[in-house]
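Residue-level structure breakdown
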Amino acid sequence: MSVAFTDQAEVTVRTVAHGAVTPPARTAVMSMLDKHTPVEDVRSTVGVVIRMLGPFEVRTDGRVADVPGARLRGLLVALALAPGRVVHKATLLDWIWGGHPPADATNALHRLVSRLRRALPEGLIEGHTDGYRLRLEPDAVDAVRFERLMGRARDDEGPQRVRRLRAALSLWRGTAMQDIGLPDSTACDAAVTRLERLHLTAVEDRCDAEIGLGHGAELVTELTDLATAHPLRERLVAALMRSLVAAGRDTEALLVYQRTRDALADALGVDPSPELSALHVALLRGELGRREQTRRTNLRAELTSFVGRDADVAAVRALVAGHRLTTLIGPGGSGKTRLATETAHTLLGDLPDGIWLVELAAVGTDGDVAQATLAGLGLRDAPLGESSGADPADRVIAAVREQAMLMILDNCEHVIESAAAFAHRVLGECRRLRILATSREPLGITGESLWAVAPSALPAHDATPGEIESAPAVRLLRDRAGAVCKDLATDAATSATMARVCRALDGIPLAIELAAARLRTMSLDQLANRLDDRFRLLTGGSRTALPRHRTLRAVMDWSWELLTEAERAVLRRLSVFSGGASLEAAERVCAGGAITTVQVFELLTALTGKSLVLTEGGCAPRYRMLGTIKEYARQRLAEAGEADLARHAHLAYFTELAETADQHLRRTEQVTWLAALDTEHDNIHTAMRGALAAGEAPAAMRLAAGAGRYWWLGGHRAEGLELITAAADMPGEVGDETRGAVHGLAITFATAERDAH
């Protein structure tokens, strides 16, 4: 299968490729576009173009060149039909004069070549011992380009074949070589006959390909005219019969066959070919299907609009065109299934055998993916004569083997191993099948293309009201809120509150939809003010949704249940970080119990693969979570009784980091260490606040002493004054050296603050 991009779709995908996705995905999408840019759209770079499929025309650098005289034109056509190759003098003589060459034919040909050279750019015609060569690229000659495109179309399938044939046929502007006029040249006449025959064959190929895609009913008028013009051309007659059947006009198709049978008998004294006769018999038996009436998909019509994801649809469409297996990955509630089905709806016209959704959500962790696929394809029962104990995967392969279809394997995460094995097998045995999977982690098969489904884009913190309203997350909230709250204001204050709601929910589409549903019974401001308790607030989703999509907590519970105990431990401990964590920090804080420091990296990698942890940065990546996932993990940390343990590990690590940095801030590497501490600013602040809240005077004093110089030099003096003063005022046993350092810092910061005012 191949996908034809509209100009707008290509612009959209290239916009995505240059902006909103990660570098690997950006590279993949750009390679898709480059791979699928139609060959026929590439313009020749040469300065000369020769057109003979219609009125004869030569253009040099965009201007029409005058090539006067039939023989001069005939000579150029003979050379142009073999661009880049030497054409023998005898062949040229035959082309120009046929069986009546002049007495001094060689010199006459030489004079003709000299005249042609004067009419064309210098160096275009090369002389050789035995002939002449036209120095042109093949695509600069429309007749040669036409044949090349026809040849490429033979290797294409579906819409790509139609597109290529249409491009070839678009080169024709009338009868071939209509202005040449060489009455004595049998070679020229033969070339014209051959090109006209190829033209008709290309028309037949294109009609057959379009009928194969289910567009037969649209071709009735065109094929009727063609069959009238060529009544003995049986392939055109067969195409017309099939198109009439597709349009529900079976009786007319039978009449077409009868007229053709009579015409063949009268003109040639022969019967219709076996192929046309077989088509007639199939029509009489009712065996010719009407593709338009055949159900080609089990995709449902959606009840809500699809907001703010047009670029994603175009990008995923490109990936499906270029890869036989594409997997959409992302956290729960990010809209993977909806993106898959919306993209699939745009591909229905390109897949003769349709698009089929296989829902795996209801399959148990030890369930059979192949059996679920049979259900999705409507093949629950074994065919008559086949053992009911036949392997479901074998039955899927038998049903799909030669069909050009797209299969959507939805919600693979809980059956990831069996889904991967099934996809690998059926793709290997069904060469025209493509699979679009959705999962919270990749299937992990060679050749798999991945698209990370990110939450809806949020407005910038300094966005204007207009920019806020145009942000995809806010557009989604307003769209869904409009269904339950008809009087939602459009002023700047409302826009700002909507932005606050969307940011609090990380732009997760499901969370936004659940929040919008709450506007039936509370105001927008009340909703925004209660999102600190989002898991209790965001309930009551659609009754027809999957159970795990009816509440925000159920979404998170589903992902949690799929984790190993070690993965759960690392995820909940990672929740103590603010602003992300370096690998070294995560290893120190998340290790403990049965988890060693060495294991933390592998567990973080697994959590990243399962779309629960995000990575940022290049050589030294940082790990972070979306706010909703982090809040859920923090609750799980408290339930496990590890909150204080994880907080103390976090406090210890950043206290040591601050103390180490304090020494370097006094030296030449000050700039480097200030940058390192700026990266960990939020973590240092969180660690300090935690110690103050817990009344841990020694720990708070120690961190204040270590971080004081950073707060001073890094431009955080107001923050430093507040935190240092709070630490200095805490009662508790603290070493004299530490207490003295903190009090000294307090005086320094307070004096600077007083002097500034």
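Our subject is the structure listed above.
Residues numbered from 1 in each chain as written. Predicted model: local features only at pLDDT ≥ 70, side-chain atom pairs only at ≥ 80, totals over all residues. Heavy atoms only, no water.

As for the overall build of the protein chain
Rules: Secondary structure follows DSSP: runs of H or I at least 4 residues long count as helices, runs of E at least 2 residues long count as strands, and numbering of each begins at the N terminus. Here the globule rule is a power law, 2.2 Å times the number of residues to the power 0.38, and the radius of gyration is based on C-alpha atoms. Working definition: with a 1.4 Å probe on protein chains only, accessible area under 20% of the residue-type maximum means buried, over 50% means exposed, and in between means partly exposed. Here the accessible surface of atoms and residues is derived via Shrake-Rupley with a 1.4 Å probe, and residues count as covered only by protein chains that are part of the display.
Each helix and strand counted, the protein chain has 34 helices and 14 strands in total. A compact globule built from 757 residues should have a C-alpha radius of gyration of about 27 Å, whereas the protein chain, at 36 Å, is more than 25% larger. Overall, the C-alpha framework of the protein chain stretches about 120 × 70 × 55 Å when taken along its three principal axes. Expressed as a percentage of its 757 residues, the buried residues of the protein chain come to 50%. Within the structure as shown, the protein chain displays about 35100 Å² of accessible surface, and the carbon and sulfur contribution to it stands at 52%.

What to know about the pairing of strand E6 (residues 131–134)
As a reminder, the rule being used: Two strands make a pair as long as DSSP finds a minimum of two bridges between them.
In terms of strand pairing, strand E4 (residues 86–88) meets E6 through 3 bridges, oriented antiparallel. Bridge assignment links Val 87 to a residue of E6, and that residue is Tyr 132. As judged from the 4 bridges shared by strand E5 (residues 125–128) and E6, these two strands associate in the antiparallel manner. Directly across from Ile 125, in E6, lies its bridge partner Leu 134.

Observations regarding the packing of helix H33 (residues 717–728) against helix H34 (residues 736–756)
Applied cut-off: Lines fitted to the C-alpha atoms define the axes, with helices restricted to the stretch that makes contact. Angles between their N-to-C directions range from 0 to 180 degrees. Oblique is the label for every angle not falling under 35 degrees (roughly parallel), over 145 degrees (roughly antiparallel), or within 65 to 115 degrees (roughly perpendicular). Each crossing is labelled by how the near helix is turned from the far one, with a counterclockwise turn of less than a right angle marking it left-handed and a clockwise turn marking it right-handed. Any two residues having at least one pair of non-hydrogen atoms within 4.5 Å are treated as being in contact. Put simply, Ala, Val, Leu, Ile, Met, Phe, Trp, Tyr, Cys and Pro go in the nonpolar bin, Asp, Glu, Lys and Arg in the charged bin, and everything else, Gly too, in the polar bin.
The interhelical angle for the contact between H33 and H34, taken along N-to-C directions, is 140 degrees, at an axis separation of 9 Å. In this view, H33 runs oblique relative to H34, as classed from their interaxial angle. Two packed elements cross with a definite hand, and for H33 against H34 that hand is left-handed. Contacts from Arg 717, Gly 720, Leu 721, Ile 724 and Ala 728 of H33 reach H34 at Arg 739, Val 742, His 743, Leu 745, Ala 746, Phe 749, Ala 750 and Glu 753. Taken together, the residues of the contact of H33 with H34 sort by class into 8 nonpolar, 2 polar and 3 charged.

Side note on the sheet that holds E5
Here 3 strands make up an open sheet; going across it, the order is E4-E6-E5 and the pairing antiparallel. Edge positions in the sheet fall to E4 and E5, since each has one partner strand and no second. Mean inter-strand twist for the sheet, computed between neighbouring axes without regard to direction, equals 30 degrees. This element, helix H4 (residues 89–97), spans E4, E5 and E6 of the sheet and lies at about 65 degrees to E4.

Re the sheet that holds strand E2 (residues 57–60)
With antiparallel pairing, 3 strands are arranged side by side in an open sheet as E1-E2-E3. Only two strands of the sheet have a single neighbouring strand rather than two, namely strand E1 (48–51) and strand E3 (63–64). Looking at chain direction, E2 and E3 are connected through 2 bridges and run antiparallel. Directly across from Arg 59, in E3, lies its bridge partner Val 64.

Thoughts on the nonpolar core
Defined as follows: Residues enter a nonpolar core if they are buried and are Ala, Val, Leu, Ile, Met, Phe, Trp, Tyr or Cys, with the set joined through side-chain atoms within 4.5 Å.
Leu 527, Leu 538, Leu 571, Leu 574, Met 688 and Trp 711 are the most contacted members of the largest nonpolar core, which totals 97 residues. Residues within four places of Leu 527 in sequence aside, it is in contact with Val 501, Ala 515, Arg 518, Leu 519, Met 522 and Leu 537. Ranked by size, the runner-up nonpolar core spans 82 residues in total, among them Leu 72, Leu 116, Val 141 and Ile 211.

Digging into a nonpolar patch on the surface
What counts, and what does not: Residues forming no salt bridge and having over 30% relative accessible area are the ones grouped into patches, like charges within 9 Å of each other and nonpolar side chains (Val, Leu, Ile, Met, Phe, Trp, Tyr) within 5 Å. Salt bridges, as used here, are contacts in which a Lys or Arg side-chain nitrogen is within 4 Å of a carboxyl oxygen on Asp or Glu.
A cluster of nonpolar residues, Leu 232, Leu 268 and Val 270, forms a patch on the protein surface that exposes about 240 Å² of accessible area. Topologically, Leu 268 is positioned in helix H11 (residues 250–268).

Considerations on H34
Selection criterion: Multiplying 1.5 Å by the helix residue count minus one yields the expected span of that helix. This arc describes the spread of directions from the helix axis toward the C-beta atoms.
The first and last C-alpha atoms of H34 sit 30 Å apart over 21 residues, in line with the 30 Å expected at 1.5 Å per residue. Those residues of H34 that fall on the buried side of the exposure criterion are Val 742, Leu 745, Ala 746 and Phe 749. Here the buried residues of H34 occupy an arc of 105 degrees about the axis, which is enough to place them on one side. Of the exposed residues in H34, those oriented more than 90 degrees away from the buried face are Asp 736, Glu 737, Ile 747, Arg 754 and Asp 755. Tucked inside the fold, the buried residues of H34 contact helix H32 (697–713) and H33.

Digging into the packing of helix H25 (residues 565–574) against helix H26 (residues 583–590)
Helix-helix packing is characterised by the crossing angle of the two axes and by the distance between the axes. Interhelical geometry of H25 versus H26 gives an angle of 110 degrees and a closest axis separation of 10 Å. With respect to each other, H25 and H26 are oriented roughly perpendicular. Handedness of the H25/H26 crossing: right-handed. On the side of H25, the interface is formed by Val 570, Arg 573 and Leu 574, while H26 contributes Ala 586, Val 589 and Cys 590. A breakdown of the residues in the contact of H25 with H26 according to their chemical character gives 5 nonpolar, no polar and 1 charged.

A word on the pattern of salt bridges
Overall, the coordinates contain 49 salt bridges when judged by the stated rule. The salt bridge involving Glu 413 is made with Arg 440; its shortest N-O contact spans 3.7 Å. Of this pair, Glu 413 sits in the loop between strand E9 (405–410) and helix H17 (416–429) while Arg 440 sits in the loop between strand E10 (433–439) and strand E11 (449–452), placing them 27 residues apart in sequence. Like Glu 413, the residue Arg 440 is buried in the burial classification. Between Arg 478 and Glu 469 there is a salt bridge, with its nearest N and O atoms 2.9 Å apart. According to the relative accessible area criterion, Glu 469 is partly exposed, its value standing at 21%.

Let's talk about the environment of Asp 682
Selection criterion: Two N or O atoms count as a polar contact when they lie within 3.5 Å, although within protein this holds only if one can serve as hydrogen donor and the other as acceptor, and sequence-adjacent residues are included solely when both atoms are side-chain atoms.
Assignment of secondary structure puts Asp 682 in helix H31 (residues 681–693). A C-alpha to C-alpha distance of 82 Å links Asp 682 and Leu 232, two positions 450 residues apart in sequence. In contact with Asp 682, other than residues within four places in its own chain, are Ser 578 and Gly 579. At 3.2 Å, the side chain of Asp 682 and the side chain of His 681 are in polar contact.

A closer look at the packing of aromatic side chains
Stated precisely, the cut-off is as follows: Only the six-membered ring of Trp is used, alongside the rings of Phe and Tyr, when aromatic pairs are assigned; centres must lie within 6.5 Å, and planes under 30 degrees apart are stacked while those over 60 apart are edge-to-face, with the rest tilted.
Under the criterion given, the structure shown has 5 aromatic pairs. Measuring from ring centre to ring centre gives 5.5 Å for Phe 146 and Trp 172, while their planes differ by 80 degrees; the resulting arrangement is edge-to-face. Taken together, the residues Phe 146 in helix H6 (residues 142–153) and Trp 172 in the loop between helix H7 (158–169) and helix H8 (186–212) connect sequence positions 26 residues apart. Of the two residues examined, Phe 146 and Trp 172, each falls in the buried class. Where Tyr 653 meets Phe 654, the ring centres are 4.9 Å apart and the plane angle is 90 degrees; that geometry is what we call edge-to-face.

As for the environment of Leu 677
Following the sequence through the fold, Leu 677 ends up in helix H30 (residues 670–679). Looking at Leu 677, the relative accessible area reads 2%, which means it is buried. For Leu 677 and Phe 654, which are 23 residues apart along the polypeptide, the C-alpha to C-alpha distance reads 9.7 Å. For Leu 677, the residues in contact, after removing those within four places along its chain, are Leu 657, Ala 661, Leu 665, Ile 684 and Tyr 710.

A word on unusual backbone geometry
One can expect most non-glycine residues to show negative phi and most peptide bonds to be in trans. A positive phi angle, near 55 degrees, is found at Asp 61, a position not held by glycine. Here Asp 61 lies in the loop between E2 and E3. The class of Asp 61 is exposed, set by a relative accessible area of 60%. The phi dihedral of Ser 611 falls on the positive side, at around 65 degrees, and the residue is not glycine. Along the chain, the position of Ser 611 falls in the loop between helix H27 (597–609) and strand E13 (614–616). A relative accessible area of 9% places Ser 611 in the buried class.

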